[in-house]
Amino acid sequence: MALLEVEHLTVTYGNVHAVRDVSLKLEPGEILGVVGESGSGKSTLGYAVTKLLRSPGQISAGRVLFEGQDLVPMAERELRKKRWKDIAVVMQSGMNALNPVATIRRQFEDAIMAHSPMSQTKMRERVAEMLQLVNIDARYADNYPHELSGGMKQRVAIALALVLDPKLIIFDEPTTALDVVVQRYIVQNLKMLRKRYNFSALFISHDLGTVLEIADRVAVMYGGKMVEVQAAGELLKNPRHPYTEALLKCFPDPRSEQIEVLGIPGTPPDLADLSPGCPFHPRCAMAMDRCRVETPEYISMGEAGVACHLAAREVEVGQNG
Ligand SMILES: Nc1ncnc2c1ncn2[C@@H]1O[C@H](COP(=O)(O)OP(=O)(O)OP(=O)(O)O)[C@@H](O)[C@H]1O
Ligand SMILES: [Mg+2]
């Protein structure tokens, strides 16, 4: 059974359709990267999965199956038991993921006591062990968040997410506000942690380079829609959607130190305007007449998928030829 299965999820903020009919599957131990421009609905998708949407965000259609159980109709009281213990969230670096008025130790202890209480001695050991995992000296446990650097705070947030050994972690731009060296360090650290703890993750970032480095598969969002999913290596070599191709061109070499963002001409779609057609067609060099009037369906091919009239034709030719 898939660990997480999102089926036809639609999330709205009033008349803004931030996530539109998105489906995805996550296997145990798998890391799915989610990329897309600012406003494409990545965070909304991540927070909808844990039902932590900010007002007036609402799931207006679809299901979120966690271990086969739909979280959408689930009562807040039940959800609270699952959050952190089963599904943990690491928010954008620089955001107040940590409580500014509590010591680091206190934040670990609160989480432990709320979900799986243990003795004071055990807890001290556990906090030290968790900090060590992200290469932070245990003496920082008695510091307040503002006494730590941005990179350290983010590593504490990761350790905090891991403390109850969750099955799924949602990372929302965990390294975005950090400098490149710290970013890489954290990504390397996360790769090690994943090996050790075997958690699944939704790794949300607008930085395709980082996502390609850490994710097994990558989901590309555009205008609230999932436009392509592929294994990371395949996506890099053989993008199917013109938007993915354009994104890759923004990163001439995702592994180079100096990532030059060339940008894609044009602006993203207005999510309050649901006129038909492919959301990307105004910016797509390959757009056909059909793309202006008919919204392409997401065609799932097992682990991969694409929503593009042109790509669909190529997939068909590939299958028949
Ligand atoms: N609380 C809110 N109220 C109203 N609209 C919102 C709210 N949060 C997000 N939106 C809208 O929903 C859409 C998707 O936003 P979201 O934050 O999910 O995008 P994102 O891909 O995470 O962007 P970014 O890369 O900037 O973080 C945007 O049009 C945004 O303006
Ligand atoms: Mg976001």
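Residues numbered from 1 in each chain as written. Chains lettered and ligands numbered in written order. Predicted model: local features only at pLDDT ≥ 70, side-chain atom pairs only at ≥ 80, totals over all residues. Heavy atoms only, no water.

**Some thoughts on the site of ligand 1**
Stage number 1. Taken together, the neighbourhood of ligand 1 is formed by 14 residues, with Ser 38, Gly 39, Lys 42, Ser 43 and Thr 44 sitting nearest.
Stage number 2. Within the backbone of Gly 41, an N or O atom sits 3.0 Å from an oxygen atom of ligand 1.
Stage number 3. One of the side-chain nitrogen or oxygen atoms of Lys 42 is found 2.8 Å away from an oxygen atom of ligand 1.
Stage number 4. Its free accessible area being 630 Å², ligand 1 has 66% of it covered by the protein chains.
Stage number 5. In the shell around ligand 1, the residues fall into four nonpolar, seven polar and three charged. (Near = heavy atom within 4 Å. Polar contact = N/O pair within 3.5 Å; in protein donor to acceptor, adjacent residues only side chain to side chain. Areas by Shrake-Rupley, 256 points an atom, 1.4 Å probe, with all protein chains shown as cover. Nonpolar A, V, L, I, M, F, W, Y, C, P; charged D, E, K, R; others polar.)

**As for the pattern of salt bridges**
Stage number 1. The final tally for this structure, using the stated rule, is 20 salt bridges.
Stage number 2. Its salt-bridge partner being Lys 167, residue Asp 86 comes within 3.9 Å of it at the nearest N-O pair. Note that Asp 86 is positioned in the loop between α2 (76–82) and β6 (87–90) and Lys 167 in the loop between α5 (150–162) and β7 (168–172), a separation of 81 residues in sequence.
Stage number 3. According to the relative accessible area criterion, Asp 86 is buried, its value standing at 14%. (Salt bridge = Lys/Arg side-chain N within 4 Å of Asp/Glu carboxyl O. Helix = DSSP H or I, 4+ residues; strand = E, 2+ residues; numbered from the N terminus. Buried < 20%, exposed > 50% of the residue type's maximum accessible area, 1.4 Å probe, protein only.)

**Remarks on the sheet that holds strand β3 (residues 31–35)**
Stage number 1. Strand order in the open sheet made by the eight strands is β6-β7-β8-β3-β9-β10-β12-β11, with mixed pairing throughout. Lying at the two open borders of the sheet, with one neighbouring strand each, are β6 and β11 (299–301). Looking at each pair of strands side by side, their axes are set apart by 20° on average, direction ignored.
Stage number 2. As judged from the six bridges shared by strand β9 (residues 217–222) and strand β10 (residues 225–231), these two strands associate in the antiparallel manner. Among the inter-strand pairings, Val 218 is bridged to a residue of β10, identified as Gln 230.
Stage number 3. Contacting β3, β6, β7, β8 (200–204), β9 and β10, helix α1 (residues 42–49) crosses the sheet at an angle of about 150° to β7.
Stage number 4. Each of β6 and β7 touches α5; the most contacted strand, β6, lies at about 175° to it. (Pairing = 2+ DSSP bridges. Axes fitted to C-alpha atoms, helices over the stretch in contact; angles between N-to-C directions. Contact = heavy atoms within 4.5 Å.)

**Digging into the domain arrangement of the protein**
Stage number 1. If you check the domain split of the protein, you get domain 1 (4–86 + 167–320) and domain 2 (98–165).
Stage number 2. Once you take the C-alpha centre of each, domain 1 and domain 2 turn out to be 30 Å apart.
Stage number 3. Contacts between the two partners involve 20 residues from domain 1 and, on the opposite side, 17 residues from domain 2.
Stage number 4. For the pair domain 1 and domain 2, the two sides together bury roughly 1,600 Å², of which 65% comes from carbon and sulfur.
Stage number 5. Of all residues in domain 1, Trp 84, Lys 85 and Tyr 197 bury the most surface against domain 2, accounting for 39% of the area lost on that side.
Stage number 6. At the junction of domain 1 with domain 2, the criterion picks out four residue pairs in polar contact (both at pLDDT 80 or more).
Stage number 7. At the level of elements, α2, β7 and α6 (180–197) are the ones that each hand at least two residues to the side of domain 1 that touches domain 2.
Stage number 8. For the side of domain 1 that touches domain 2, the element with the most residues is α6, which contributes nine residues.
Stage number 9. In terms of residue class, the side of domain 1 that touches domain 2 is made up of 13 nonpolar, one polar and six charged. (Domains from an automatic or database assignment. Buried area = accessible area lost by both parts, 1.4 Å probe.)

**Description of the packing of aromatic side chains**
Stage number 1. Counted according to the given criterion, the structure contains five aromatic pairs.
Stage number 2. With a centroid separation of 5.0 Å and an interplanar angle of 80°, the aromatic rings of Tyr 222 and Phe 280 are classed as edge-to-face. Of this pair, Tyr 222 sits in strand β9 while Phe 280 sits in the loop between α9 (242–250) and α10 (289–293); the two residues are 58 residues apart in sequence, bridging distant segments of the chain.
Stage number 3. Phe 280 gets classed as buried once you look at its relative accessible area, which sits at 2%.
Stage number 4. Cluster of aromatic residues (ring-pair linked, three or more members): Phe 171, Phe 199 and Phe 203. (Phe/Tyr/Trp six-rings, centres within 6.5 Å; stacked < 30°, edge-to-face > 60°.)

**Some remarks on α1**
Stage number 1. Among the eight residues of α1, seven are classified as buried, and the element is accordingly described as predominantly covered.
Stage number 2. All buried positions along α1 are accounted for by Lys 42, Thr 44, Leu 45, Gly 46, Tyr 47, Ala 48 and Val 49.
Stage number 3. Taken from the residues just after α1, Lys 51 is the one with a positive phi, measuring 55°.

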